[in-house]
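Observations on the model geometry
If you want the building blocks of each chain, they are given just below.
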Amino acid sequence: MKILKIEGDKAIVSSGGVQRSIGINFLKGPKIGDYVIVHAGFAIEKLDTVKAEETLKILEELQ
Amino acid sequence: MKYIDEFRNLKIAEKLYRLINEEAEGLCQVNFMEVCGTHTMAVERFGIRRMLPENVRLISGPGCPVCVTPKNYIDKAIGLIGLEDVIIFSFGDMLKVPGTHSSLLKKKSSGKVKIVYSALDAVEFAEKNRDKKIVFLGIGFETTVPTVAASIKYAKKKKLKNFFVYSGHKVMPPAMRLLAGDKEVNIKGFLCPAHVSAIIGIKSYADICEKYNIPCVIAGFEPLDILQSILMLARQVKLNIAKVENQYNRVVRVSGNIKALSLIDEVFSTHDSEWRGIGVIKKSGLVLSRRYSDFDAEKNIDFPKVETKMDKGCICGSVLKGIKTPLECGLFSKKCTPENPYGACMVSSEGACAAYYKYPHPNLLP
């Protein structure tokens, strides 16, 4: 889910057009536009898009 | 959601199957275990288990939190409903689990059982209904625990006297260690849980590699994640090495989530805990720490005495340990279905029996 808005310990995230409020207490330096993994109403970690691209490249090149 | 379709690419999946087959050639029979309910569902949904070479067996471990919750916990939770002013709040998965005489679902019409998506919802209800005692059923592994810890901390901040957690929380590495040393299960590699690892990091698995010579690969939830992780495990087995590898590094950091970990440490402490079908595992459960004992349901509420009778014919225990598959159970899909579950593994959407039942003819990819 993507962070659209941050208000203190909470953030508004969107996924597939649906918006909801989640806790961001455990995130280090959350920013608008970050992709996050959400579990039971809280973001548990950010998704590292650079690492995701690296993994996709490894998968592509894997022999 | 970003990075879902990318990790379901059919062409790359076919390549991974080919590479796993090549790697498996010449290997003895190997058992790889997944210990995360979401992996179990993905593996069934995408038919991965059945597409692997014959000598690579993927077995499901105790990765579903509802399934490993002892029956006595359910009975005690149901017992609470009889108390005046008590309202139970729970994640939805728990409701259908059969206790000895009833289930939370059957008691729902009393208006004293409510489903929530987050523990925080229960705290907010407690804040608005101070004449009621709110008991939240804390079920879940390390992924869920910090969310409950944050909710308890919030209740403390709001000085609530009517919010309690009945903690059945568990942590995964002690169970993995127990299974690693079980010769009957005979595990040659672990697919480590994705989101549990996002919290605890990768170091918790190092001693499993060292002590039991079992490779551990932290795997994401998409088909390519799982297939790549199986390939990584097979390559380690072939080279006779055992180390922790992190396939899901787009989410899992080496040290885990420090903020969440310190919150768990603050609010909970470990104790010996019973796992349904497995028994008591040392230091595998979490109860509220002394500092937060005012929010501990077991310390502040007089639980009515209940009698728990053990299941007959249900092989959930062997299924949870990966010794048997759901198909080997005489009750599976006959007496035991998701609509009328007999054992916990059929109840939870993450249970191995529910996964086998839901996807009798899985597709390679959607």
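Since this is a predicted model, take the numbers as computed values, not measurements.

1. Section: the overall build of chain A
Tallying secondary structure elements over chain A gives one helix and five strands in all. Listed N to C, the secondary structure of chain A is β-β-β-β-β-α in terms of helices and strands. Taking 2.2 N^0.38 as the reference for a compact globule, 63 residues should give roughly 11 Å; the C-alpha atoms of chain A span a radius of gyration of 14 Å, well beyond that estimate. Its C-alpha atoms give chain A principal-axis dimensions of roughly 45 × 25 × 20 Å. Among the 63 residues that make up chain A, the fraction classed as buried is 37%. For chain A, the share of sequence-separated contacts (at least 6 apart) that also reach a separation of at least 24 residues comes to 23%.

2. As for the packing of helix 6 (residues 145-157) of chain B against helix 11 (residues 258-267) of chain B
All names here are of chain B. Where helix 6 contacts helix 11, the axes come no closer than 9 Å and their chain directions differ by 60°. Taken together, helix 6 and helix 11 sit at an angle that is classed as oblique. As helix 6 packs across helix 11, the resulting crossing turns out to be left-handed. Facing helix 6, whose interface residues are Val 145, Pro 146, Ala 149, Ala 150, Ile 152 and Lys 153, helix 11 presents Ala 260, Leu 263, Ile 264 and Val 267. Residue composition of the contact of helix 6 with helix 11, grouped by class: nine nonpolar, no polar and one charged.

3. Regarding the domain arrangement of chain B
Interfaces are frequently sized by the accessible area removed from exposure as the parts join. Residues and elements named next belong to chain B. On domain assignment, one finds that chain B holds domain 1 (1-317) and domain 2 (318-357). Each of domain 1 and domain 2 has a C-alpha centre, and these two points are 17 Å apart. In this assembly, 31 residues from domain 1 lie in contact with 23 residues from domain 2. Only helix 2 (37-45), strand 2 (56-60) and helix 13 (316-320) provide two or more residues apiece to the side of domain 1 that touches domain 2. The class makeup of the residues in the side of domain 1 that touches domain 2 is 16 nonpolar, nine polar and six charged.

4. Quick look at helix 6 of chain B
Look at helix 6 of chain B: 18 Å from first C-alpha to last across 13 residues, which is about the 18 Å you get at 1.5 Å a residue. Backbone geometry just after helix 6 of chain B places Lys159(B) at a positive phi near 55°.

5. Description of helix 2 of chain B
Residue and element names in this part refer to chain B. Counting buried positions along helix 2 yields seven of nine residues, so the element is predominantly enclosed. As for helix 2, its buried residues are in contact with strand 1 (30-34), helix 3 (48-51), strand 2, strand 7 (189-192), helix 10 (223-239) and helix 15 (352-358). Residue Gly 47 follows helix 2 closely and has a positive phi angle near 65°.

6. Quick look at the environment of Glu25(B)
Residues and elements named next belong to chain B. Looking at the element boundaries, Glu 25 is found in the loop between helix 1 (10-24) and strand 1. Classification of Glu 25 as exposed rests on a count of 9 C-beta atoms within 10 Å. C-alpha separation for the pair Glu 25 and Asn 55, spaced 30 residues apart in sequence, amounts to 8.6 Å.

7. A closer look at the sheet that holds strand 6 (residues 163-167) of chain B
Residue and element names in this part refer to chain B. With parallel pairing, the four strands of this open sheet are ordered in space as 4-3-5-6. Taken across any chain shown, the strands that pair with only one partner, and hence form the sheet edges, are strand 4 (113-115) and strand 6. Each strand of the sheet is rotated relative to its neighbour by a mean of 30°, with strand direction disregarded. The strands touched by helix 4 (residues 71-80) are strand 3 (86-90), strand 5 (133-138) and strand 6; relative to strand 3, the strand with the most contacts, the crossing angle is about 140°.

8. Thoughts on the sheet that holds strand 2 of chain B
Residue and element names in this part refer to chain B. One open sheet holds the five strands; their spatial order is 2-1-7-8-9, and the pairing between them is parallel. Lying at the two open borders of the sheet, with one neighbouring strand each, are strand 2 and strand 9 (244-246). Each strand of the sheet is rotated relative to its neighbour by a mean of 20°, with strand direction disregarded.

9. Observations regarding the packing of helix 5 (residues 119-128) of chain B against helix 6 of chain B
All names here are of chain B. Closest axis-to-axis distance for the helix 5/helix 6 pair is 8 Å, and the angle between their directions is 20°. Classified by the angle their axes make, helix 5 and helix 6 are roughly parallel. Crossing of helix 5 over helix 6 shows right-handed handedness. Packed against helix 5, whose contacting residues are Ala 119, Leu 120, Val 123 and Ala 126, the element helix 6 presents Thr 147, Val 148, Ser 151, Tyr 154 and Ala 155 at the interface. For the contact of helix 5 with helix 6, a count of residues per class yields seven nonpolar, two polar and no charged.

Thresholds applied
- Residues numbered from 1 in each chain as written.
- Chains lettered and ligands numbered in written order.
- Predicted model: local features only at pLDDT ≥ 70, side-chain atom pairs only at ≥ 80, totals over all residues.
- Helix = DSSP H or I, 4+ residues; strand = E, 2+ residues; numbered from the N terminus.
- Rg over C-alpha atoms; globule rule 2.2 N^0.38 Å.
- Buried ≥ 20, exposed ≤ 12 C-beta atoms within 10 Å, placed from the backbone.
- Contact = placed C-beta atoms within 7 Å.
- Axes fitted to C-alpha atoms, helices over the stretch in contact; angles between N-to-C directions.
- Parallel < 35°, antiparallel > 145°, perpendicular 65-115°, else oblique.
- Left-handed = near helix turned anticlockwise from the far one by under 90°.
- Nonpolar A, V, L, I, M, F, W, Y, C, P; charged D, E, K, R; others polar.
- Domains from an automatic or database assignment.
- Expected span 1.5 Å × (residues − 1).
- Pairing = 2+ DSSP bridges.

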